[in-house]
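Structural characterization, general
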Amino acid sequence: MATAQEQTTPCCATGTNKPSSSASLQPQKQPSQQQEQRPSVATFIPAIDSPPKTASAKGITVMVKAQTSHPLDPLSAAEISVAVATVRAAGATPEVRDGMRFIEVDLVEPEKQVVALADAYFFPPFQPSLLPRTKGGPVIPTKLPPRKARLVVYNKKSNETSIWIVELREVHAATRGGHHRGKVVSSTVVPDVQPPMDAVEYAECEAIVKDFPPFREAMKKRGIEDMDLVMVDPWCAGYHSEADAPSRRLAKPLIFCRTESDCPMENGYARPVEGIHVLVDMQNMVVLEFEDRKLVPLPPADPLRNYTSGETRGGVDRSDVKPLQIIQPEGPSFRVNGHFIEWQKWNFRIGFTPREGLVIHSVAYIDGSRGRRPVAHRLSFVEMVVPYGDPNDPHYRKNAFDAGEDGLGKNAHSLKKGCDCLGYIKYFDAHFTNFYGGVETIENCVCLHEEDHGILWKHQDWRTGLAEVRRSRRLTVSFICTVANYEYGFFWHFYQDGKIEAEVKLTGILSLGALQPGETRKYGTTIAPGLYAPVHQHFFVARMDMAVDCKPGEAFNQVVEMNVKVEEPGDNNIHNNAFYAQEKLLKSELEAMRDCDPLSARHWIVRNTRTVNRTGHLTGYKLVPGSNCLPLAGSEAKFLRRAAFLKHNLWVTPYARDEMHPGGEFPNQNPRVGEGLATWVKQNRSLEEADIVLWYVFGVTHIPRLEDWPVMPVERIGFMLMPHGFFNCSPAIDVPPNPGDLDDKENNGLPAKPIQNGLIAKL
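Calculation rules
Residues numbered from 1 in each chain as written. Predicted model: local features only at pLDDT ≥ 70, side-chain atom pairs only at ≥ 80, totals over all residues. Heavy atoms only, no water. Disulfide = S-S within 2.5 Å. Helix = DSSP H or I, 4+ residues; strand = E, 2+ residues; numbered from the N terminus. Buried < 20%, exposed > 50% of the residue type's maximum accessible area, 1.4 Å probe, protein only. Pairing = 2+ DSSP bridges. Axes fitted to C-alpha atoms, helices over the stretch in contact; angles between N-to-C directions. Core = buried A, V, L, I, M, F, W, Y, C linked by side-chain atoms within 4.5 Å. Contact = heavy atoms within 4.5 Å. Expected span 1.5 Å × (residues − 1). Arc of directions from axis to C-beta. Polar contact = N/O pair within 3.5 Å; in protein donor to acceptor, adjacent residues only side chain to side chain. pLDDT = per-residue confidence, 0-100.

**Details of the state of the cysteines**
Considering all chains together, one arrives at 1 disulfide under this definition. Disulfide pairing is shown between C421 and C447; the S-S distance is 2.4 Å. On the criterion of sequence distance, the pair formed by C421 in the loop between α6 (402-406) and β18 (424-433) and C447 in strand β19 (residues 439-460) is long-range, its members being 26 residues apart. There is no split in this pair, since C421 and C447 are both buried. No disulfide involves C445; its sulfur sits 9.4 Å from the nearest other cysteine sulfur, which is in C481.

Structure follows, in structure tokens:
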């Protein structure tokens, strides 16, 4: 992602995007990463021979910064180049090197204590309080451990997947002549897996299918001879039987057809080609199976198929919308230093990965005399699954794992000024490796901006007629990705009253099926002649590594479930109106497999077991579900083999460094049942006092409407993290009135209604 060199820009100006450069990194022995024995901060603070040369105020020793990249900063373009060159040079033979294809190159995030050390002494704002006090004061090393990269490499010649760890010792702005300054720490072949597909493979697959003579003949029978009109979407094969085993790299494409080759914004998904079965070997790029099973006529050309503005398709756009401007004449209220963000009393770091996309690190709230109060170590969306409910071919096998099979981050796109984001915007770029190891940059990939969010709170005293109101402002960090026909916007909103909201916006274009003349389907909605949209669901998994009032290295959190209970009739409920909130401690992983229950207002609270508020109760943050659902599928549904994590809305685990992906790291063609969360929780580890990780699964059941065609308006789902006994009084109290809206006389800025005889008088 872009560094702090990129300037904050208003919505109608594009900032200059400059790749970051990293200073020299020196090797240092890494501590053990075993989970059974959590390393102490002292492990990462070795003794030094001479005292530091620089001292800060208050007698706290501060070292000169040894590297320019924070341990959590995403890899720069130069670091990715070095990592790729290092791995390629380490190939055992020329054949191995030639066959290497680079699926992902990502940062190896260091232990939490290394991050704490960096934040305490190496990167501003210096926060020594993050580290526990030691007798005589801590001895600080002159260098942080070198950054590391993790590479997922697919060998196209051997059909093997391997994982490489590279230590980035020395990184320059460019690797001249292919020279590298990295060191291979480890390389491991992972058997019986297929890594995510790449855009290059998709393009190659489309080309070989369109050049396949039997396919061209099948399209000719449907009246299509111009292959430029044909769209081939190479969906992953999933896993339905041993025929889909990962010993072969497979795709089962879906076929669509445009009506005009010179209409770039035509919706090709409006004309699905049904009845053709294609199986492609993606390793060797050959068609393994082809069958023209049933001739289904192409749906007629829909006059709504072009989704550009009205004037370009012979129509008229609405003319009664006046300009709406969002301006901040004094600039934004947030401050950006590299990837470190400060806004109001919040501070956190922005990260980005090829798989998850946006990652939020080290979330904390500055709370007056109590200082910096941690809320979460890491927040991200780690997986999503889209199962379709039509049992007919080919729709029954549409159950995409858009993060694990494709990569949300790699499918992100540049955000446009004044369209995707409004206001005073700070953009961040994202850097990725392509299939062949080159570095590609998505400019303006992440958007950071402030939004007005209506009323934060208001009250009017009917006796005095005095009213007080505060408007809500929130800080929004977001990115948007496109996976085939659908768009997904991922948002993290930070509020002035301590809330954090996670939101997903779904839009784009429906994935459709064709109908025979006069045919209807009970498993979808007919939206145009010969065209229907199958029912389906979208599920998202948010992984939240919590740290409520916990410093790095502390494991003082637990989770309680809150349910509202109706009091039994009797002496305690003689009027039959009594109800109360009842809490239950979730003591172990198996006990913490929970589902939403709106009838009992169910929610969950992450509490600190050793910190109390002014009433003597434990401080906490609660997870408040939004609208949600569970899979509408039988227990033996094939996609649930790979997505067993969808069976519950909430899972809770103690932090483990290698537990990142709820369906396993490689869900593509995965034959293993219940890999990931469903397997980890069988250890039934204790949660009574732990470093807590929440896995919240939320989804929406989409029964398409006629109005969802030709484009699908945004649908929003999400959840909220809210302080619960965390603050001694509401942070909203100190939010000032909006200075731009005081005494607006032109807009009926009348005083509050006067009081007469204790009643509100009529004006």
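What follows continues from the structure just given.
**Thoughts on the sheet that holds strand β2 (residues 100-107)**
Reading across from one edge, β2-β3-β4-β5 is the order of the 4 strands in this open sheet, with antiparallel pairing throughout. Two strands bound the open sheet, and with one partner strand each, they are β2 and β5 (182-190). Across the sheet, the mean angle from the axis of one strand to that of its neighbour is 20°, orientation sign disregarded. Sheet analysis places strand β4 (residues 160-168) next to β5, joined by 8 bridges and oriented antiparallel. Within β5, the position partnered with I163 by the bridge is T188.

**What to know about the nonpolar core**
Core analysis: the largest hydrophobic core is formed by 84 residues, its most contacted members being V363, F490, W492, F494, M544, L694 and F719. Ranked by residue count, the leading element in this core is strand β16 (residues 372-387), at 6 residues. Ignoring sequence-local partners within four residues, the contact set of F719 consists of W492, I500, E501, A502, A542, M544, L623, V624, P625, G626, Y696 and F698. Membership of the second largest hydrophobic core comes to 23 residues, among which are M227, L229, C236 and V273.

**Examining helix α4 (residues 199-210)**
In a regular helix each residue adds 1.5 Å, so 12 residues correspond to 16 Å; α4 covers 17 Å between its end C-alpha atoms and thus fits that length. Buried within α4 we find E201, C205, V209 and K210. Buried residues in α4, looked at end-on, bunch into an arc of 160°, giving them a common side. Packing partners of the buried residues in α4 comprise α5 (213-221), β6 (230-233) and β10 (276-281). Taking the backbone nitrogen of V200 as reference, a side-chain oxygen 2.9 Å away marks D198 as the first, capping residue of α4.

**What to know about the side chain of H361**
You can see H361 is positioned in strand β15 (residues 357-366). Judged by relative accessible area, which is 3%, H361 ranks as buried. Beyond its immediate sequence surroundings of up to four residues, H361 is in contact with L72, E109, F348, R349, I350, G351, H377 and R378.

**Remarks on the environment of A528**
If you trace the backbone, A528 turns up in strand β24 (residues 524-528). Residue classification places A528 among the buried positions, given a relative accessible area of 12%. For the pair formed by A528 and L706, sequence separation is 178 residues and the distance between their alpha carbons is 8.2 Å.

**Thoughts on unusual backbone geometry**
Cis geometry is adopted by the peptide bond preceding P125, which originates at P124 and carries an omega value of -5°. Put simply, D393 and P394 share a cis peptide bond, and its omega is 5°. As for its placement among the helices and strands, P394 is situated in the loop between β16 and β17 (399-401). You will see that S362, though not glycine, has its phi angle at about 50°, which is positive. Residue position: S362 is located in strand β15. Judged by its relative accessible area of 13%, S362 falls in the buried class. Here N576, not a glycine, exhibits a phi torsion of approximately 55°, which is positive. Take N576: its relative accessible area is 56%, and that puts it in the exposed class.

**What to know about the environment of H377**
Turning to its location among the elements, H377 is positioned in strand β16. Taking the C-alpha atoms as reference points, H377 and K551, 174 residues apart in sequence, are found 9.6 Å from one another. Apart from residues lying up to four places away in sequence, H377 is in contact with K112, I360, H361, S362, D545, M546, A547, P552 and D691.

**Considerations on the confidence of the model for the protein**
Overall, the prediction assigns the protein a mean pLDDT of 87, with 86% of residues at 70 or greater. Per-residue pLDDT stays below 50 along residues 3-66; that stretch engages in 139 contacts with residues further than four places along the chain or on separate chains. Low confidence marks residues 173-178, where pLDDT is under 50. Its contacts with residues over four positions away, or in another chain, come to 4 contacts.

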